[in-house]
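Residue-level listing of the chains:
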Amino acid sequence: MIKDAEHRTPWWKAGVIYQIYPRSFQDSDGDGIGDLKGMEERLDYLGALGIDAIWLSPIFPSPMADFGYDVANYCGIEPMFGDLARFDHVLASVHERGLKLMLDFVPNHSSDQHPWFQASRSARDDPKRDWYVWRDAAADGGPPNNWISDFGGSAWTWDDANGQYYLHAFLKEQPDLNWRNPGLRAAMMDVLRFWLDRGVDGFRIDVLWHIVKAADFPDNPPNPDWTADQTERDRVLQRHSTDQPEAHAIAADMRTLADSYGERLLVGEIFLPNDRHARWYGTPERPQVHLPFNFQLIENSWDARTLARVIADYEASLPAHGWPNWVLGSHDAPRIAARIGEAQARVAAMLLLTLRGTPTLYQGDELGIGRVDIPPGQMRDPQHFRQPGLDIGRDRSRTPMPWNGSAHAGFSAVAPWLPLNTDWRTRNVAAQEKDPESMLILYRRLLALRREYPALSIGRITLVESPDGVLAYERHDEARTLRILLNLTARAVTVRWQGTPLLSTLNGEAEPGMLYPDEGLVIA
Ligand code: NOJ
């Protein structure tokens, strides 16, 4: 028995994660915003899709300055989404279907409406003063240092009441918590316990590499490569405001806590170069997160040579105990089909679901939702309003799920909080379920294939020599070797292959000796 357990693959290695952006998944109460009851009504869709785990973006009480990433109570449910009783019901329904549910833990900052911050800002000698990061003004009365908020502008806001600045890596409505304070640390560990005790299967941890800052708050060095078309954040290198050694120790403590509950998963949101990224796995004796999110498919240009290098470098950077993972989209990134077009988005789906490592899918990508132009009056994302000239608004990736061709695409009884994808009348779940050539059916087939052939999920990977424009690799386990050939161009390519084609991203017969334009193939 024990031997079996030791050799069993944990669910999060072989499994596939699906991100739900709750405001835009399914509305059940007619306010134009998604909610937990609506999500529960759509669980069969996720079961049929063939994913294993859901990561739910924040559902906690929030003034929604950053649409939930500003938490006003870590141990409650935002009324527009439901309540704790509804949450428990949803969790039970998820588990009944053999799925897992991960929440979004936001440890770097709370809302400025959180009672902790209200107390902290109330007086310099309040017991919670030190739960946030307060500093005196510089000699000239300006901010304590040159740190820049990720949303633009100084990372410091002056608070008149007590004559100090407070730090915020994001909006001024999202004050940074002080993880050097033992009281805050204990309170946040209790938050994790609260949800683990309720039975959640893990957490995606928001901007984990931000949570501790250099103790003496030195200026960040200027970024010599910065150009005016980049965000203000990139003016400086975040050397002293992120990725501090003490943060790794905290991640390890979070892991110890998670592991004490059995097989629970921690996924850390971390943007760093490979060498520093890999450190977030920790060591076998003192592990940190199971999966530091890997965003390199989003960050790199879409060509075969680049991606082959990205895969090789990433694989080579992993510690022996580190399990890889890949992401193609999120509520923060442009839609994959908008970036590379629908034909290549099909190839991208095959790539994501045949690479070694845990894939995370983003809701709506399985329908191939492309570029959605949000009319100026309907934009909501603070990132857009803080730096309007840069076209970095994230609303385009947050539009509601189009479920069918009825009013408001079956998402809501009323006009939704963000407009639908313009082509929702034809690009929706019901229509794609009926069309064997649709993106949705391709995703279902890929997920089924991945389940059928463990080589595709937990097998080894070897990159294979290939003609220009083609990304090729093999996945192997004891049972078999599968070859994946992806044509990342819109022209036909001659490429030698033999074997039995298991799946093509196009729907016709695969042609031996070639790849059609935009074709991806899995061959046994
Ligand atoms: C990352 C989240 O994914 C993003 O949506 C949010 O704005 C920032 N962290 C701040 O919490």
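Just so we're clear, the structure is a prediction, and the values are computed from it rather than from any experiment.

A. Quick peek at the packing of aromatic side chains. Tallied over the entire structure, the rule returns 26 aromatic pairs. Judged by centre distance (5.0 Å) and plane angle (65°), the ring pair of Phe 117 and Tyr 166 falls under edge-to-face. One end of the pair, Phe 117, is in helix H6 (residues 115-122); the other, Tyr 166, is in strand E6 (residues 164-167), and 49 residues separate them in sequence. By relative accessible area, which is 0% here, Phe 117 ends up buried. Taken together, Trp 55, Trp 209, Phe 271, Phe 293 and Phe 295 form an aromatic cluster joined through their ring pairs. The ring of Trp 417 carries Arg 23 above its face, with NZ or CZ at 4.0 Å from the centroid. Lying over the aromatic face of Trp 134, Arg 129 brings its terminal NZ or CZ to 3.8 Å of the ring centre.

B. Structural view of helix H8 (residues 245-259). Helix length check: H8, at 15 residues, gives a terminal C-alpha distance of 22 Å against a target of 21 Å (1.5 Å per residue), a fit within 8%. Every buried residue of H8 is accounted for by Ala 247, His 248, Ile 250, Ala 251, Ala 252, Met 254, Arg 255, Leu 257 and Ala 258. Buried residues along H8 sit in contact with strand E3 (100-105), helix H7 (182-198), strand E7 (202-205) and strand E8 (265-268).

C. Focus on the site of the ligand. The environment of the ligand is made up of 13 residues, and the closest members are Asp 66, His 109, Asp 206, His 331 and Asp 332. A distance of 2.8 Å separates an oxygen atom of the ligand from a polar atom in the side chain of Asp 206. In this structure, an oxygen atom belonging to the ligand sits 3.0 Å away from a side-chain N or O atom of Arg 394. Contact with the protein chains covers 97% of the free accessible surface of the ligand, which is 300 Å².

D. Just empty space enclosed by the protein, in detail. For the coordinates displayed, the defined rule picks out 2 cavities of 30 Å³ or more. Taken as a whole, the largest cavity spans an internal volume of roughly 90 Å³. The residue inventory of the lining of the largest cavity, partitioned by class, reads 5 nonpolar, 5 polar and 3 charged. Its boundaries defined by the atoms lining it, the second largest cavity holds a volume of some 30 Å³. Surrounding the second largest cavity, Phe 60, Tyr 74, Asp 104, Phe 105, Val 106, Val 191, Trp 195 and Phe 203 form its lining. For the lining of the second largest cavity, the class distribution of residues is 7 nonpolar, no polar and 1 charged.

E. Expanded view of the pairing of strand E14 (residues 481-487). Summarising burial for E14: 5 of the 7 residues are buried, a large majority. What sits between the antiparallel neighbours strand E13 (residues 470-476) and E14 is a turn of 4 residues. Across 4 bridges, E14 lies against strand E18 (residues 520-523) in antiparallel orientation. Residue pairing in the sheet places Arg 483 in a bridge with Ile 523 of E18.

F. How the structure looks around unusual backbone geometry. Of note, the phi angle at Met 64 is positive, near 65°, even though the residue is not glycine. Note that Met 64 resides in the loop between strand E2 (53-56) and helix H5 (84-96).

G. Quick peek at the side chain of Asp 206. If you trace the backbone, Asp 206 turns up in the loop between E7 and H8. Residue contacts for Asp 206: discarding those within four places in its chain leaves Tyr 69, Asp 104, Phe 105, Val 106, Pro 107, His 109 and Glu 269.

H. Molecular detail of H6. Taken together, the buried positions of H6 are Trp 116, Phe 117 and Ser 120. Within H6, the buried residues cover an arc of 90° as seen down the axis, which keeps them to one side.

I. Region of the structure containing the sheet that holds strand E4 (residues 134-135). Reading across the sheet, the 3 strands line up as E4-E6-E5 and stay open at both edges, with antiparallel pairing between neighbours. Because the sheet does not close on itself, it has two edges, and the strands there are E4 and strand E5 (156-159). With 2 bridges joining them, E4 and E6 adopt antiparallel strand pairing. The residue bridging Trp 134 from the neighbouring strand is Tyr 166, located in E6.

J. Expanded view of the side chain of Arg 475. Position of Arg 475 among the secondary structure elements: in strand E13. Buried within the structure, Arg 475 lacks any salt-bridge partner; its nearest side chain of opposite charge belongs to Glu 315, at an N-O separation of 7.1 Å. Within the structure, the side chain of Arg 475 is placed 3.3 Å from the backbone oxygen of Ser 457, a separation counted as a polar contact. There is a polar contact of 2.7 Å between the side chain of Arg 475 and the backbone oxygen of Gly 459.

Conventions we followed
- Residues numbered from 1 in each chain as written.
- Predicted model: local features only at pLDDT ≥ 70, side-chain atom pairs only at ≥ 80, totals over all residues.
- Heavy atoms only, no water.
- Phe/Tyr/Trp six-rings, centres within 6.5 Å; stacked < 30°, edge-to-face > 60°.
- Helix = DSSP H or I, 4+ residues; strand = E, 2+ residues; numbered from the N terminus.
- Buried < 20%, exposed > 50% of the residue type's maximum accessible area, 1.4 Å probe, protein only.
- Lys NZ or Arg CZ within 6 Å of the ring centre and 35° of its normal.
- Expected span 1.5 Å × (residues − 1).
- Contact = heavy atoms within 4.5 Å.
- Near = heavy atom within 4 Å.
- Polar contact = N/O pair within 3.5 Å; in protein donor to acceptor, adjacent residues only side chain to side chain.
- Areas by Shrake-Rupley, 256 points an atom, 1.4 Å probe, with all protein chains shown as cover.
- 1 Å grid on protein atoms, 1.4 Å probe; cavity = no way out; pocket = protein on both sides within 12 Å on 5 of 7 lines; lining within 4 Å.
- Points joined across faces, edges and corners; volume = space filled by probe spheres on them.
- Nonpolar A, V, L, I, M, F, W, Y, C, P; charged D, E, K, R; others polar.
- Pairing = 2+ DSSP bridges.
- Arc of directions from axis to C-beta.
- Lys, Arg positive; Asp, Glu negative; His and termini not counted.
- Salt bridge = Lys/Arg side-chain N within 4 Å of Asp/Glu carboxyl O.

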